Amino acid sequence: MHRLAAAGLPIPAFEVIGPNTRLAADDYGPFVLVKPSHSFASFGQGIELCRTSTLRYRAPAEFPEWHPGRQAPMFAQKFIDCGYPMSCRVLTIFGEPIFTYCRQSTKPLKLNPHKDVFEQHEYLPAPPDRITFTTREPDLLQLAADAYRAMPEVALQACDIVREKGTGRLYLLEVNPGGGTWMFSSESCGSYKQSLGISDLAAEFDAFRTIARMLVERTRADAE
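About the criteria used
Residues numbered from 1 in each chain as written. Predicted model: local features only at pLDDT ≥ 70, side-chain atom pairs only at ≥ 80, totals over all residues. Heavy atoms only, no water. Phe/Tyr/Trp six-rings, centres within 6.5 Å; stacked < 30°, edge-to-face > 60°. Helix = DSSP H or I, 4+ residues; strand = E, 2+ residues; numbered from the N terminus. Buried < 20%, exposed > 50% of the residue type's maximum accessible area, 1.4 Å probe, protein only. Lys NZ or Arg CZ within 6 Å of the ring centre and 35° of its normal. Salt bridge = Lys/Arg side-chain N within 4 Å of Asp/Glu carboxyl O. Contact = heavy atoms within 4.5 Å. 1 Å grid on protein atoms, 1.4 Å probe; cavity = no way out; pocket = protein on both sides within 12 Å on 5 of 7 lines; lining within 4 Å. Points joined across faces, edges and corners; volume = space filled by probe spheres on them. Nonpolar A, V, L, I, M, F, W, Y, C, P; charged D, E, K, R; others polar.

**Some thoughts on the packing of aromatic side chains**
For any pair of aromatic rings, the description consists of the separation of the ring centres together with the inter-plane angle of the planes.
Then step 1. All told, the structure shown has nine aromatic pairs when counted by the stated rule.
Then step 2. With 6.2 Å between their ring centres and 90° between their planes, Phe94 and Tyr148 make a pair best called edge-to-face. Residue Phe94 is located in the loop between β5 (86-93) and β6 (96-104), and its partner Tyr148 is located in helix α3 (residues 138-150); the two are separated by 54 residues in the primary sequence. Assigned by exposure class, Phe94 and Tyr148 land together as buried.
Then step 3. Between Trp182 and Phe208, the aromatic rings sit 6.4 Å apart at their centres with planes inclined by 35°, giving tilted as the arrangement. Taken as a pair, Trp182 in the loop between β10 (170-176) and α4 (189-196) and Phe208 in helix α5 (residues 207-223) lie far apart in primary sequence, 26 residues in all.
Then step 4. Judged by relative accessible area, Trp182 falls into the partly exposed class, the value being 25%.
Then step 5. Site record: aromatic cluster; members linked through ring pairs are Phe99, Tyr101, Trp182, Phe184, Tyr192 and Phe208.
Then step 6. The cationic tip of Arg136 hangs over the ring face of Phe205; the distance from NZ or CZ to the ring centre is 4.3 Å.

Okay, structure coming up:
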């Protein structure tokens with residue numbers, strides 16, 4: 001997150017949660033995401049939404065045995081209200097898009113006014129109320145390309161991006177640099193094909209030819 005911020009990318013406000021952490025609503029709004037900083041947390045493990053006013057520090061021992069909060073500090077990230085629960089993923093190779101998909105609920109976001117903490121199914125789209133589709137929105141693809149320039153030593157990047165309600169502004173939530181983001185032959189490959197209604201995930205951006213071209217270009221550039 002610090003690397004992305006230093007590159008001037010549009011990321012939500014964030015802060016590591018310590019014993020004395022008190023977040024200002026003027027900076028963070030009414031809600032924040034609480035996320036693990038442990039590098040092996042994935043599939044949304046340990047992430048929850050809470051009210052900014054009630055956020056408090058939890059010592060590692062307070063978390064369940066499985067929770068990534070036992071391994072490293074948790075951090076708060078401003079919650080971006082998109083109107084409808086949604087998220088977009090852009091997979092890039094050296095900043096070039098090779099796969100995208102978006103998830104958006106068909107129902108507006110409504111949070112229980114009597115609760116302080118919300119589980120993921122309450123603020124993220126989930127089956128069966130989900131529309132899954134690919135996207136070629138130029139500003140979204142450009143933001144993913146800009147993310148690569150912030151971390152050029154990481155060739156394969158899966159960028160998670162949301163669009164704010166009202167302003168239409170894009171925010172880069174995070175960059176996933178792990179091999180698990182390779183959709184074309186991962187364990188999730190079949191479910192992606194089914195959700196998108198396509199048989200070839202590589203077709204949209206001619207992914208394998210694009211990858212080959214980028215590898216040739218980078219090899220030649222590095223050899224000079």
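**Here's the deal with the environment of Trp66**
Then step 1. For Trp66, the location among the structural elements is in the loop between β3 (48-51) and β4 (74-78).
Then step 2. Sequence spacing of Trp66 and Gly18 is 48 residues, and the spatial spacing of their C-alpha atoms is 21 Å.

**Notes on the pattern of salt bridges**
Then step 1. By the definition in use, this model includes 13 salt bridges.
Then step 2. Across the salt bridge formed by Arg213 and Glu96, the nearest N and O atoms sit 3.4 Å from each other. With a gap of 117 residues between them, Arg213 in helix α5 and Glu96 in strand β6 connect regions that are remote in the sequence.
Then step 3. Through salt bridges with shared partners, one network takes in Glu96, Arg213 and Glu217.

**Let's talk about the side chain of His67**
Then step 1. Note on placement: His67 falls in the loop between β3 and β4.
Then step 2. Looking at His67, the relative accessible area reads 7%, which means it is buried.
Then step 3. Beyond its immediate chain neighbours, meaning those up to four positions away, His67 contacts Gly46 and Met74.

**Structural notes on the layout of surface pockets**
Then step 1. Each pocket or cavity is described by its volume, and for the second largest pocket that value is around 270 Å³.
Then step 2. Along the walls of the second largest pocket sit 17 residues, with Val34, Arg56, Tyr57, Arg58 and Phe63 positioned nearest its centre.
Then step 3. Residues of the lining of the second largest pocket, tallied by class, amount to 11 nonpolar, two polar and four charged.

By themselves, these are just geometric observations and shouldn't be taken as functional.
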